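Fold and contact review
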Amino acid sequence: MLWQSLARPLLFCLPAERAHYFSMGAFQMLMSSKWAVKQYRRRNEVNDSRLQSEVFGLTFRNPVGLAAGFDKDARWYSILPALGFGHVEVGTLTGQSQAGNPKPRLFRLPKDHAIINRMGFNNRGSDAAARRLASSSKSDPGDILGVNIGKTKIIPLEEAVSDYLFSFERLFAFADYFTVNVSSPNTPGLRQLQSRDPLLDLLTRIKALNLKLANDHEVPPKPVLLKIAPDLSDELLADIVSIVKEIRPDGIIATNTTIGRDGLVTPGSKIDAIGNGGLSGAPLTAISRQVVETLYRELDGQTPIIGLGGIMDGESAWKMICAGASLIQTYTGFIYGGPKFVRDINRYLVQKIQDAGMESIADAVGSAT
């Protein structure tokens, strides 16, 4: 395959962050006309009604979404569905613009099919994103846009809620759903917001603002999802289950990157040289799936889950869905898999649905628990 034999090796000669912007700049040029987007989309979409599902009130053409972190500033959200994604999540967006952590801050681990990043929520802020979203539009009205919001680094933890609320209000008109990110390891103190009292306060106040804005705009409230880490203790995970039962967010994204480094093939000397950051990709496959399975079981399948972490091919996608994920997201798998990655996963899922004698992808959700 051209991607595996030529394109990826050439891109991997560049530093990871530079390769990201170079490749997306080239893709943006390729998708410079509506005709080009339409034709490319036709090649990559798998139009099979068995892939369609209704999740937290939205209709998804297929279950494979692009995770936050890829399109941090909502620069490419309108053309990314041409790659076959059933939804695209932009961000993480913060209340204020911030440069993120010093470079280099994005590292490939090819032997592990993994990435380490310590980007630090680099983005131009919610105001800039809102202006960009207001001046552009989706390439197709049915495309689903998720907006991931987080805390600005310089904002003290005791003022974090106000920072989230600012972004939520500024971006309300453009999001089909919101994700509240309290699980990145790259913003100091952020994961403390996963503790019971801070998380309860944050979700309660976002819920109240959501209802107010929905009333003001005369629209339904936006679905609000909570994104959690894979490194939670049993006690913290139990707290999150309890809070979800109490506050009832519309869904959970499990999981973010891990701070763990167990089982890597990459030499320890290279890992030490890279330093801190969140690990994503194949090393998370089993870890994230286990968290999804636990949440699905503890919540009696009543709260939709987006499975994220280690989705590297059709098989890992199918197993994540069978573990309890209504939808899945990918980032690192897409980086390694290339432009046909989403199409190939969706084709695999159609075949598995057929082989299992199921009527739709929804029938597979939680079928292995």
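Use the structure listed above.
A short tour of the structure in this document, coming up. All of these numbers come straight from a predicted model, not from anything done at the bench.

1. As for the overall build of the chain
Scanning the chain from N- to C-terminus turns up 12 helices and 13 strands. Computed over its C-alpha atoms, the radius of gyration of the chain comes to 19 Å, within 12% of the 21 Å expected for a compact globule of 369 residues. In the chain, buried positions account for 58% of the 369 residues. Taking the intrachain contacts of the chain between residues at least 6 apart in sequence as the baseline, contacts between residues at least 24 apart amount to 74%. Side-chain charges of the chain comprise 41 positive and 37 negative groups, with the mean position of each set lying 9 Å from the other.

2. Some details on the pairing of strand β8 (residues 177-181)
In terms of burial, β8 is largely enclosed, as five of its five residues are buried. The side-chain alternation of β8 yields two buried faces, one formed by Tyr177, Thr179 and Asn181 and the other by Phe178 and Val180. With four bridges connecting them, strand β7 (residues 145-149) and β8 associate as parallel partners. Its bridge partner lying in β8, Gly146 is registered against Tyr177.

3. Quick notes on the pattern of salt bridges
Pairs can form between side chains of opposite charge once their charged atoms are near each other. Evaluated as defined, the whole model comprises 12 salt bridges. Salt-bridge contacts for Glu17 lead to Arg105; the nearest nitrogen and oxygen are separated by 2.9 Å. Placement of the pair is Glu17 in helix α2 (residues 16-30) and Arg105 in the loop between β4 (87-93) and β5 (106-109), with a sequence separation of 88 residues. For the salt bridge of Asp201 with Arg205, the shortest nitrogen-to-oxygen distance reads 4.0 Å. Here Arg205 and Asp201 lie together in helix α6 (residues 196-217), a separation of four residues that amounts to about one turn. Each of Arg41, Glu45, Arg61, Asp140 and Asp143 takes part in a single network of salt bridges with overlapping partners.

4. Examining the sheet that holds β8
Taken together, the eight strands give a closed barrel; going around it, the order is β3-β4-β7-β8-β9-β10-β12-β13, and neighbouring strands pair in parallel fashion. Each adjacent strand pair in this sheet contributes to an overall mean axis angle of 25°, direction not counted. Those strands touched by helix α9 (residues 285-298) are β9 (224-228), β10 (251-254) and β12 (305-308), and its axis lies near 165° from that of β12.

5. A few points about the packing of helix α5 (residues 160-171) against α6
Two packed helices can be described by the angle between their axes and the distance between those axes. The interhelical angle for the contact between α5 and α6, taken along N-to-C directions, is 25°, at an axis separation of 10 Å. Between α5 and α6, the angle falls in the class roughly parallel. When the axes of α5 and α6 are compared, the crossing they make is right-handed. On α6, the residues that touch Val161, Ser162, Tyr164, Leu165, Phe168 and Glu169 of α5 are Asp201, Leu202, Arg205, Ile206, Leu209, Asn210 and Leu213.

6. Comments concerning unusual backbone geometry
The omega torsion across Gly91 and Thr92 is 15°, close enough to zero to call that bond cis. Within the secondary structure, Thr92 is located in strand β4. In this structure, Thr255 follows Ala254 across a cis peptide bond, with omega equal to 15°. Counting through the fold element by element, Thr255 comes out in the loop between β10 and α8 (268-274). A positive phi is found at Phe56, a non-glycine position, where the angle reads about 35°. With relative accessibility at 13%, the residue Phe56 sits in the buried group.

7. A look at the environment of Ser97
By secondary structure assignment, the location of Ser97 is in the loop between β4 and β5. Sequence spacing of Ser97 and Leu66 is 31 residues, and the spatial spacing of their C-alpha atoms is 23 Å. Those residues in contact with Ser97, other than ones at most four positions away along the chain, are Asn123, Arg124 and Gly125. Among the polar contacts made by the side chain of Ser97, one reaches the main-chain carbonyl oxygen of Asn123 at a distance of 3.5 Å.

8. Here we look at the packing of aromatic side chains
Inspection of every chain in the model, using the stated rule, returns 11 aromatic pairs. Taken together, a centroid distance of 5.5 Å and an interplanar angle of 85° make the contact between Phe12 and Tyr336 edge-to-face. Taken as a pair, Phe12 in the loop between α1 (2-11) and α2 and Tyr336 in helix α11 (residues 332-337) lie far apart in primary sequence, 324 residues in all. Residues Phe70 and Trp76 carry aromatic rings whose centres are separated by 6.4 Å and whose planes lie at 70° to one another, so their mutual orientation is edge-to-face. Across the pair, exposure class does not vary: Phe70 and Trp76 are buried alike. Here a set of aromatic residues connected by ring pairs shows up, and it is made of Tyr21, Phe70, Trp76, Phe85, Tyr331 and Phe334. Over the face of the ring belonging to Phe12 we find Arg108, whose NZ or CZ atom lies 4.4 Å from the ring centre.

9. Points about helix α3 (residues 34-44)
Here α3 has its buried residues at Ala36, Val37, Tyr40, Arg41 and Asn44. Looking down the long axis of α3, one finds its buried residues gathered within 125° of arc, a one-sided arrangement. Turned more than 90 degrees away from the buried face of α3, the exposed residues are Lys34, Trp35, Lys38, Arg42 and Arg43. Check the buried side of α3 and you find it contacts α2 and α12 (341-355).

The rules behind the values
- Residues numbered from 1 in each chain as written.
- Predicted model: local features only at pLDDT ≥ 70, side-chain atom pairs only at ≥ 80, totals over all residues.
- Heavy atoms only, no water.
- Helix = DSSP H or I, 4+ residues; strand = E, 2+ residues; numbered from the N terminus.
- Rg over C-alpha atoms; globule rule 2.2 N^0.38 Å.
- Buried < 20%, exposed > 50% of the residue type's maximum accessible area, 1.4 Å probe, protein only.
- Contact = heavy atoms within 4.5 Å.
- Lys, Arg positive; Asp, Glu negative; His and termini not counted.
- Charge placed at Lys NZ, Arg CZ, Asp CG, Glu CD.
- Pairing = 2+ DSSP bridges.
- Salt bridge = Lys/Arg side-chain N within 4 Å of Asp/Glu carboxyl O.
- Axes fitted to C-alpha atoms, helices over the stretch in contact; angles between N-to-C directions.
- Parallel < 35°, antiparallel > 145°, perpendicular 65-115°, else oblique.
- Left-handed = near helix turned anticlockwise from the far one by under 90°.
- Polar contact = N/O pair within 3.5 Å; in protein donor to acceptor, adjacent residues only side chain to side chain.
- Phe/Tyr/Trp six-rings, centres within 6.5 Å; stacked < 30°, edge-to-face > 60°.
- Lys NZ or Arg CZ within 6 Å of the ring centre and 35° of its normal.
- Arc of directions from axis to C-beta.

So, to be careful, I would describe these as geometric facts and stop short of saying anything about function.
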